[in-house]
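Architecture at a glance
For reference, the chains in residue letters:
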Amino acid sequence: DGDGVLDDVEIAMMKRDKEGRGHLTNEDIYNIVADQLNARHDVNNLRKAIAGLVCFVFILALSNLGTSMASAILSKETHADQDSGTLTII
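Rules and cut-offs
Residues numbered from 1 in each chain as written. Predicted model: local features only at pLDDT ≥ 70, side-chain atom pairs only at ≥ 80, totals over all residues. Heavy atoms only, no water. Helix = DSSP H or I, 4+ residues; strand = E, 2+ residues; numbered from the N terminus. Rg over C-alpha atoms; globule rule 2.2 N^0.38 Å. Buried < 20%, exposed > 50% of the residue type's maximum accessible area, 1.4 Å probe, protein only. Areas by Shrake-Rupley, 256 points an atom, 1.4 Å probe, with all protein chains shown as cover. Lys, Arg positive; Asp, Glu negative; His and termini not counted. Charge placed at Lys NZ, Arg CZ, Asp CG, Glu CD. Patch = residues over 30% accessible without salt bridge, like charges linked within 9 Å, V, L, I, M, F, W, Y side chains within 5 Å. Salt bridge = Lys/Arg side-chain N within 4 Å of Asp/Glu carboxyl O. Contact = heavy atoms within 4.5 Å. pLDDT = per-residue confidence, 0-100. Polar contact = N/O pair within 3.5 Å; in protein donor to acceptor, adjacent residues only side chain to side chain.

Helix and strand counts for the chain stand at 2 helices and 2 strands. For the chain, the succession of helices and strands along the chain, N to C, is α-α-β-β. Its C-alpha atoms give the chain a radius of gyration of 32 Å, more than 25% over the compact-globule value 12 Å for 90 residues. Overall size of the chain, expressed as C-alpha extent along the three principal axes, is 100 × 25 × 15 Å. Residues counted as buried form 2% of the 90 residues belonging to the chain. For the chain, the computed accessible surface area is about 8100 Å², with 62% contributed by carbon and sulfur atoms. Averaged over its 8 positive side-chain charges, the chain has a centre that lies 5 Å from the centre of its 14 negative ones.

The following block contains the structure:
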């Protein structure tokens, strides 16, 4: 932009110019695009992993709820009738 101050993009491009020519070759640009596509692929994989983990946490929460409900049902007082052998829940 001609202001004499390098912005972030210009600094990144300067780091890619390993030979110090002042311009990027087609190979340099190819490597930049390949790195960008790999980063995008990594981000998509991380999104899928996060979605899977969120589903897993949801299933664990439902499991915990089910266990709590089963515990509450089983903790009720039960009595057995000696004559008939039936159980009654109070």
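What follows covers a nonpolar patch on the surface. A cluster of nonpolar side chains, namely F58, L62, L65 and M69, defines an oily patch on the protein surface of about 430 Å² accessible area. By the secondary structure assignment, M69 is in helix 2 (residues 26-74).

Okay, the pattern of salt bridges next. Any two side chains of opposite charge can pair, on the condition that their charged atoms come close. Tallying each qualifying case throughout the model produces 2 salt bridges. The closest approach of N and O atoms between D35 and R16, which form a salt bridge, is 2.4 Å. Residue D35 is located in helix 2, and its partner R16 is located in helix 1 (residues 8-16); the two are separated by 19 residues in the primary sequence. Here D28 and R21 are joined by a salt bridge, their closest N and O atoms 3.1 Å apart. Classification of D28 as buried rests on a relative accessible area of 12%.

Within the secondary structure, D28 sits in helix 2. Contact partners of D28, with chain neighbours within four places excluded, come to R16 and R21.

Of all residues in the chain, 98% have pLDDT values of 70 or greater, and the mean over the chain is 87. Summarising per-element confidence for the chain, the mean pLDDT is lowest in strand 2 (residues 87-89) (74) and highest in helix 2 (93).

With that settled, the discussion passes to the side chain of D17. Tracing the chain through its elements places D17 in the loop between helix 1 and helix 2. Nearest to the buried, unbridged D17 among oppositely charged side chains is R21, at 4.1 Å. Looking at D17, its side chain comes within polar contact range of the main-chain nitrogen of R21, at 3.0 Å. Once residues within four sequence positions are removed from consideration, D17 is found in contact with G22, H23 and L24.

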